[in-house]
Amino acid sequence: MLRYPCRINSKAAFFILKAAAAHIADDGKIITIVTALLGAFTGFYTSYAGSKAPVEHFTRGVCKELMERRVSVNNVAPGPMDTRKLTYPKSNLLQLTPE
């Protein structure tokens, strides 16, 4: 249940940041996308928010690693999107705790 979100959100971001760091020009910019749910501590999105949390850490780390080259590395944290998952009854959401 947690493998897919982590593979898509965390692992992919790690490898994308690694590739970007190797190819970015001095004074360049790298942007990652996280979620506003990291600061909201909203229930029923635990696995999603947990899979996005490492991306914030990777972003901060790459920022420090590329600081001498004046590369700007930041993340954007949009709020919830109006999707079917957002409007499903809570019993249908991917949860880490049993009902």
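What this report covers is the structure whose coordinates are included nearby.

Definitions and limits used
- Residues numbered from 1 in each chain as written.
- Predicted model: local features only at pLDDT ≥ 70, side-chain atom pairs only at ≥ 80, totals over all residues.
- Heavy atoms only, no water.
- Buried < 20%, exposed > 50% of the residue type's maximum accessible area, 1.4 Å probe, protein only.
- Helix = DSSP H or I, 4+ residues; strand = E, 2+ residues; numbered from the N terminus.
- Pairing = 2+ DSSP bridges.
- 1 Å grid on protein atoms, 1.4 Å probe; cavity = no way out; pocket = protein on both sides within 12 Å on 5 of 7 lines; lining within 4 Å.
- Points joined across faces, edges and corners; volume = space filled by probe spheres on them.
- Phe/Tyr/Trp six-rings, centres within 6.5 Å; stacked < 30°, edge-to-face > 60°.

1. Re the pairing of strand β1 (residues 29-33)
Line of reasoning, step 1. What you see with β1 is a clean split: Ile 30 and Thr 32 sit on the buried side and Lys 29, Ile 31 and Ile 33 on the side with no burial.
Line of reasoning, step 2. Of the strand pairs in this sheet, β1 and strand β2 (residues 72-76) are connected by 5 bridges, and their pairing is parallel. If you follow Ile 30 over to β2, its bridge partner there is Val 73.

2. Side note on the layout of surface pockets
The gaps left among the atoms become clear once a water-sized probe is rolled over them.
Line of reasoning, step 1. Its volume calculated, the second largest pocket comes out at about 160 Å³.
Line of reasoning, step 2. Lining the second largest pocket are Ile 8, Asn 9, Ala 12, Ala 13, Ile 16, Leu 17, Ile 30, Ile 31, Thr 32, Ile 33, Lys 52 and Val 55.
Line of reasoning, step 3. If you list the elements that add at least two residues to the lining of the second largest pocket, you get α1 (3-23), β1 and α3 (46-65).
Line of reasoning, step 4. The element best represented in the lining of the second largest pocket is α1, accounting for 6 residues.

3. Here's the deal with the packing of aromatic side chains
Line of reasoning, step 1. Under the definition given, this model contains 2 aromatic pairs.
Line of reasoning, step 2. Ring centres of Phe 14 and Phe 15 lie 5.1 Å apart, and the angle between their planes is 80°; on these two criteria the pair is classed as edge-to-face.
Line of reasoning, step 3. Residue classification places Phe 15 among the partly exposed residues on the basis of a relative accessible area of 46%.
Line of reasoning, step 4. On the basis of relative accessible area, Phe 14 is assigned to the partly exposed category, the value being 38%.
Line of reasoning, step 5. Of the aromatic side chains, those joined through ring pairs into one cluster are Phe 14, Phe 15 and Phe 58.

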